[in-house]
Amino acid sequence: VSLTANAAYLRFTKTDGSNYAKIPVMVGVRYPINETFYFGASAGPSFYNKKENGETEFGYSPYIGFQVKKLSADFRYLNFTRKDYVQKTLGIVFSYTL
């Protein structure tokens, strides 16, 4: 089992043409299935790039991925929530392990 920390910049476009972005900062755990495949989960706050877009949200993300040497790719389900608002999305994350 390994501990993880990550931050991202996610850009969204609304149907009315306005854009906004979120910056999730998450910590989590990753468990290897074998030398190549793993699964994990991360959670933490997500901040908007502009104050008028909203408040800080809580985000969590279960994922599965594969790693070859120090390069990896994850398939993630991202869920952001605050009060009566929920946003769900799927993503592919490419990363390099230090």
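The structure contained in this document is the topic of the report that follows. The residue count restarts for each chain, going from 1 along the sequence in the order it is written. Only residues with pLDDT of at least 70 are given local features in this predicted model, and only at 80 or more are side-chain atom pairs given and counted; all residues enter the totals for whole chains, interfaces and linings. To obtain the side-chain values, all non-hydrogen atoms of the structure were included, while hydrogens and water were left out.

### Describing the overall build of the protein
Next up, step 1: Labels follow the DSSP assignment, with helices taken as runs of H or I lasting at least four residues and strands as runs of E lasting at least two, numbered in each case from the N terminus. Across its full length, the protein holds zero helices and seven strands.
Next up, step 2: C-alpha extents for the protein along the principal axes are approximately 45 × 25 × 20 Å.
Next up, step 3: Each residue's exposure class comes from its accessible area (1.4 Å probe, protein chains only) as a fraction of the maximum for that residue type: buried when under 20%, exposed when over 50%, partly exposed otherwise. Here the protein holds 98 residues, and 30% of them are scored as buried.
Next up, step 4: Whether two residues touch is decided by their heavy atoms; if any such pair falls within 4.5 Å, the residues are in contact. Expressed as a percentage of contacts within the protein between residues at least 6 apart in sequence, the contacts between residues at least 24 apart total 38%.
Next up, step 5: Computed with the Shrake-Rupley method and a 1.4 Å probe, the accessible areas treat only the protein chains shown as cover for residues. Accessible surface, the protein: about 6700 Å² in total, of which carbon and sulfur atoms supply 63%.

### Some points on the packing of aromatic side chains
Next up, step 1: Stacked, tilted and edge-to-face are the three classes assigned to paired rings of Phe, Tyr and Trp, where Trp is represented by its six-membered ring and a pair needs centres within 6.5 Å; plane angles under 30 degrees give stacked, over 60 edge-to-face, the rest tilted. Applying the stated criterion across every chain yields a total of six aromatic pairs.
Next up, step 2: Measuring from centroid to centroid gives 5.2 Å for Phe 12 and Tyr 20, while their planes differ by 20 degrees, and the two rings are stacked.
Next up, step 3: Both rings, one in Tyr 31 and one in Phe 39, keep their centres 5.5 Å apart while their planes meet at 55 degrees; by these two values the pair is tilted.
Next up, step 4: Tyr 31 gets classed as partly exposed once you look at its relative accessible area, which sits at 44%.
Next up, step 5: Judged by relative accessible area, which is 41%, Phe 39 ranks as partly exposed.
Next up, step 6: Grouped by ring-pair contacts, the aromatic residues Phe 12, Tyr 20 and Tyr 48 constitute a single cluster.
Next up, step 7: Geometrically, a charge over a ring is one whose NZ (Lys) or CZ (Arg) sits within 6 Å of the ring centre while staying within 35 degrees of the ring normal. Above the ring of Tyr 38, the side-chain terminus of Arg 30 is found at 4.0 Å from the ring centroid.
Next up, step 8: Over the ring of Tyr 63 we find Arg 76; its NZ or CZ atom is 4.0 Å from the centre of that ring.

### Here's the deal with unusual backbone geometry
Next up, step 1: Look at Lys 69: it is not a glycine, yet its phi comes out positive at around 55 degrees.
Next up, step 2: Relative to the helices and strands, Lys 69 resides in the loop between β5 (57–68) and β6 (71–82).
Next up, step 3: For Lys 69, a relative accessible area of 79% translates into the label exposed.
Next up, step 4: In this structure, Lys 83 takes a positive phi of about 40 degrees despite not being glycine.
Next up, step 5: Structurally, the position occupied by Lys 83 is in the loop between β6 and β7 (85–96).

### So, the pairing of β7
Next up, step 1: At least two bridges found by DSSP between two strands are what make those strands a pair. Bridge count for β6 against β7 is twelve bridges, and the pairing is antiparallel. Each bridged residue has a counterpart across the sheet, and for Phe 75 the counterpart in β7 is Ile 92.
Next up, step 2: Linkage of β6 to β7, two consecutive antiparallel strands, is achieved through a turn of two residues, within which Lys 83 is found at a positive phi near 40 degrees.

### A few points about the pattern of salt bridges
Next up, step 1: Between Lys or Arg on one side and Asp or Glu on the other, a salt bridge is scored when a side-chain nitrogen of the former is within 4 Å of a carboxyl oxygen of the latter. Taken as a whole, this structure holds three salt bridges when the rule is applied.
Next up, step 2: With a closest N to O distance of 2.8 Å, Arg 82 and Glu 57 form a salt bridge. On the criterion of sequence distance, the pair formed by Arg 82 in strand β6 and Glu 57 in strand β5 is long-range, its members being 25 residues apart.
Next up, step 3: Notably, a salt bridge pairs Asp 74 with Arg 76, separated by 2.7 Å at the nearest N-O pair.

Note that every value here comes from positions in space, so none of it alone points to a role or purpose.
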